[in-house]
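# Tertiary structure, described
So you can see what is in the structure, the chains are spelled out below.
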Amino acid sequence: MEQLLFINACVRGEQSRSLKLARRFLEGWQKAHPDGAVTEVDLCRDRLVPQYPEVLAERDALWSAGKLDDPMFAPARQFAAADRIVMAAPFWELSFPAILKIYLERITVTNITFGYDADGRNVGLCKAKKLLLITTRGGDFSRPETAWMEMGARQLEALCAMYGIPSFQCLAAEGLDDVTRDKEAILAEAMGRADALAEVF
């Protein structure tokens, strides 16, 4: 049974356009993979604590003692064990909301999601073969003159390489806050792409 881990970083909840697009994708994926299981991690509900000095001190002490089975590392172990990973997050301040950044910091754990070989080279330890970012953007960042400003997908793609996840994909609906464009048509087109991607993801 394939395990799909869904990381929900949509801070507007069910009102979120990114979440609506993600729900459409997940519905299609479940239909195409009836034996698959989806586990949702709701970052607004779970509210992981940022890595303040005392949190880092606890984390470092546990890691140094080899206690990687401690509950503090549960998100990292869950992430590393997933077969497929989907993250949904709106495009904010050129990347994504802080709750996703906190999550990424908490799951990036040496000897769980990544490690080093005898020569000091990075080795990814995650089981997933694919990670998909689902996002909605107010502007259009697919054009060459604006693409350099998009940092969220670029960061996740780099982390995939670090974690050993060979395929990174991004499903984005763009231009949704451009008053000269039809946002319903943009979302409808993105929903169609979500349906098609769900079949093969």
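### Some thoughts on the environment of aspartate 46
Here aspartate 46 shows up in helix H2 (residues 43–46). When its relative accessible area of 36% is taken as the criterion, aspartate 46 is described as partly exposed. The sequence separation of aspartate 46 and isoleucine 99 amounts to 53 residues, and the corresponding C-alpha distance is 10.0 Å. Within the structure, aspartate 46 has its side chain in polar contact with the side chain of arginine 45 (distance 2.9 Å).

### Focus on the nonpolar core
In this structure, Phe79, Ile85, Met87, Leu100, Tyr103 and Leu104 are the most contacted members of the largest nonpolar core, which totals 34 residues. It is helix H7 (residues 152–163) that contributes the most residues to this core, five residues altogether. Apart from the residues within four sequence positions on either side, tyrosine 103 is in contact with Leu5, Ile7, Leu43, Leu48, Pro75, Phe79 and Met87. By size, the runner-up hydrophobic cluster in this structure holds 23 residues, among which are Val86, Leu132, Ala173 and Ala194.

### Description of empty space enclosed by the protein
Over the atoms, a rolled probe matching the size of one water molecule traces out where space is still vacant. Tallied over the full model, the rule gives one cavity of 30 Å³ or more. Approximately 30 Å³ is the volume attributed to the largest cavity. Each residue belonging to the lining of the largest cavity can be placed in one class, and the counts come to six nonpolar, three polar and two charged.

### Points about the sheet that holds strand S7 (residues 167–173)
Taken in spatial order, the five strands make up an open sheet running S2-S1-S3-S6-S7, and their pairing is parallel. The open sheet has two edge strands, strand S2 (37–42) and S7, and neither has a second partner. Mean inter-strand twist for the sheet, computed between neighbouring axes without regard to direction, equals 15°. As paired strands, strand S1 (residues 3–8) and strand S3 (residues 84–88) are joined by five bridges and run parallel to one another. Considered in S3, the bridge of isoleucine 7 is made with methionine 87. Packed on one face of the sheet, helix H1 (residues 17–32) meets S1, S2, S3, strand S6 (130–136) and S7 and runs near 140° to S6.

### Focus: the pattern of salt bridges
If you walk through the whole model with that rule in mind, you get twelve salt bridges. Here glutamate 40 makes a salt bridge to arginine 23, at a shortest N to O gap of 3.0 Å. Here the residue glutamate 40 occupies a position in strand S2, and arginine 23 occupies one in helix H1, the gap between them amounting to 17 residues. We classify glutamate 40 as partly exposed; its relative accessible area is 30%. Connected via shared salt-bridge partners are Glu14, Arg23 and Glu40.

What counts, and at which threshold
Residues numbered from 1 in each chain as written. Predicted model: local features only at pLDDT ≥ 70, side-chain atom pairs only at ≥ 80, totals over all residues. Heavy atoms only, no water. Helix = DSSP H or I, 4+ residues; strand = E, 2+ residues; numbered from the N terminus. Buried < 20%, exposed > 50% of the residue type's maximum accessible area, 1.4 Å probe, protein only. Polar contact = N/O pair within 3.5 Å; in protein donor to acceptor, adjacent residues only side chain to side chain. Core = buried A, V, L, I, M, F, W, Y, C linked by side-chain atoms within 4.5 Å. Contact = heavy atoms within 4.5 Å. 1 Å grid on protein atoms, 1.4 Å probe; cavity = no way out; pocket = protein on both sides within 12 Å on 5 of 7 lines; lining within 4 Å. Points joined across faces, edges and corners; volume = space filled by probe spheres on them. Nonpolar A, V, L, I, M, F, W, Y, C, P; charged D, E, K, R; others polar. Pairing = 2+ DSSP bridges. Axes fitted to C-alpha atoms, helices over the stretch in contact; angles between N-to-C directions. Salt bridge = Lys/Arg side-chain N within 4 Å of Asp/Glu carboxyl O.

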